[in-house]
Amino acid sequence: MLQSLQDILSRQWWDYDPSSTVHVVYHWFNVAEGALWCLLGVIVARRFLLNQRSLWEVAYAVAFFLFGIGDFVEAQGLYTWLIVYKALILVLLILLRGHVLKRHYPDSHWI
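Here is a short report on the structure shown in this document. (Residues numbered from 1 in each chain as written. Predicted model: local features only at pLDDT ≥ 70, side-chain atom pairs only at ≥ 80, totals over all residues. Heavy atoms only, no water.)

**Observations concerning the overall build of the protein chain**
Quick reminder of the rule: Secondary structure is summarised from DSSP: a helix means a run of H or I of at least four residues, a strand means a run of E of at least two, and numbering begins at the N terminus for each. Throughout, radius of gyration means the C-alpha value; the globule benchmark is 2.2 Å times the number of residues raised to the power 0.38. Pairs of residues are marked as contacts when any of their non-hydrogen atoms sit within 4.5 Å. In short, Shrake-Rupley with a 1.4 Å probe defines the accessible areas, and a residue's cover is counted only from the protein chains shown. Residues counted as positive are Lys and Arg, residues counted as negative are Asp and Glu, and His and the chain ends are not counted. Positions of charges follow a simple convention, taking NZ of Lys, CZ of Arg, CG of Asp or CD of Glu.
From N to C terminus, the protein chain includes four helices and two strands. Along its sequence from the N terminus, the protein chain presents helices and strands in the succession α-β-α-α-β-α. For a compact globule of 111 residues, the expected C-alpha radius of gyration is about 13 Å, and the protein chain comes in at 17 Å, more than 25% above that figure. Reported as C-alpha extents along the three principal axes, the dimensions of the protein chain are approximately 45 × 40 × 20 Å. Within the protein chain, contacts between residues at least 6 apart in sequence are counted, and of these 63% link residues at least 24 apart. Carbon and sulfur atoms make up 71% of the accessible area of the protein chain, which totals about 7,500 Å². Averaging the coordinates of the 8 positive side-chain charges in the protein chain and doing the same for the 8 negative ones gives two points 15 Å apart.

In structure tokens:
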């Protein structure tokens with residue numbers, strides 16, 4: 001059972017091939033997307049430094065960085081474990097966003 005789970009999680013769905021135009025586009029899309037998620041993390045971290053309303057914002061910023069790192073990994077290859085990792089981080093991002101904005105920025109129109 002444990003070996004089967006390990007086999008499923010380690011399955012590779014996609015591997016970067018620089019000779020393929022589609023792969024190159026997918027690769028650079030993921031690099032750009034990873035940079036964007038990290039930039040969002042910087043913006044949230046900056047907001048925390050300016051307002052210092054809650055340490056939850058630090059966790060929110062870190063979640064953005066972790067999601068961005070997942071995109072940098074995906075630029076090289078896509079694995080089942082990475083899909084699970086990104087799904088968990090995405091759920092964490094949604095939960096943290098709801099908590100931070102509703103509790104500490106209730107006047108925000110981005111909820």
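After presenting the structure, the write-up continues.
**Quick look at the nonpolar core**
Heads up, the condition is: Working definition of a nonpolar core: buried Ala, Val, Leu, Ile, Met, Phe, Trp, Tyr and Cys residues. They are joined through side-chain atoms within 4.5 Å. With a 1.4 Å probe rolled over the protein chains alone, any residue whose accessible area is under 20% of its type maximum counts as buried; one over 50% counts as exposed, and the rest are partly exposed.
Residues Trp37, Val44, Tyr60, Ala61, Ala63, Phe64, Phe67, Ile89, Leu93 and Leu96 constitute the largest nonpolar core, which totals ten residues. Elements represented by at least two residues in this core include exactly helix 2 (21–51), helix 3 (56–74) and helix 4 (80–104). Looking at which element gives the most residues to this core, the answer is helix 3, with five residues. Ignoring anything within four residues of it in the chain, the contact list for Ile89 reads Ala63, Leu66 and Phe67.

**A few points about helix 2**
This is how it is decided: Helix span is expected to be 1.5 Å times the residue number reduced by one.
With 31 residues, helix 2 should cover 45 Å at 1.5 Å per step; its first-to-last C-alpha distance of 45 Å lies within 8% of that length. Turning to helix 2, its buried residues are His23, His27, Asn30, Gly34, Trp37, Cys38, Gly41, Val44 and Phe48. Lining the buried residues of helix 2 we find strand 1 (12–15), helix 3 and helix 4. Just past helix 2, the residue Gln52 takes up positive phi, approximately 45 degrees.

**Structural notes on helix 3**
An α-helical turn contains 3.6 residues, so a residue and the one three or four places further along point in the same direction. For helix 3, which comprises 19 residues, the first-to-last C-alpha distance of 27 Å matches the rise-based estimate of 27 Å (1.5 Å per residue) to within 8%. For helix 3, the full list of buried residues reads Glu57, Tyr60, Ala61, Ala63, Phe64, Phe67, Gly68, Gly70, Asp71 and Glu74. The inward-facing, buried residues of helix 3 contact strand 1, helix 2, strand 2 (77–79) and helix 4.

**With respect to the packing of helix 2 against helix 3**
Heads up, the rule is: A fitted line through C-alpha atoms represents every axis, and for helices the fit uses only the stretch in contact; the resulting angles, taken between N-to-C directions, go from 0 to 180 degrees. These descriptions rest on fixed angle ranges, namely under 35 degrees for roughly parallel, over 145 for roughly antiparallel, 65 to 115 for roughly perpendicular, and the rest for oblique. Charged residues are taken to be Asp, Glu, Lys and Arg, nonpolar residues to be Ala, Val, Leu, Ile, Met, Phe, Trp, Tyr, Cys and Pro, and polar residues to be all remaining types, Gly included.
Orientation of helix 2 relative to helix 3, taken along the N-to-C sense of each, is 170 degrees, at an axis distance of 8 Å. Relative to helix 3, helix 2 is oriented roughly antiparallel. Here the residues of the contact of helix 2 with helix 3 are counted per class, giving 17 nonpolar, four polar and five charged.

**So, the packing of helix 3 against helix 4**
Helix packing for two helices is described by the angle between their axes and how far apart those axes are. Operational definition: Left-handed describes a crossing whose near helix is turned anticlockwise from the far helix by less than a right angle; the clockwise case is right-handed.
Look at helix 3 against helix 4: their axes get within 9 Å of each other, and the N-to-C directions meet at 155 degrees. By the criterion of interaxial angle, the relationship of helix 3 to helix 4 is roughly antiparallel. Here helix 3 runs over helix 4; the crossing is left-handed. Here Trp56, Glu57, Ala59, Tyr60, Ala63, Phe64, Leu66, Phe67, Gly70, Asp71, Val73 and Glu74 of helix 3 come into contact with helix 4, specifically with Trp81, Leu82, Tyr85, Lys86, Ile89, Leu90, Leu92, Leu93, Leu96, Arg97, His99 and Val100. Classifying every residue of the contact of helix 3 with helix 4 gives 17 nonpolar, two polar and five charged.

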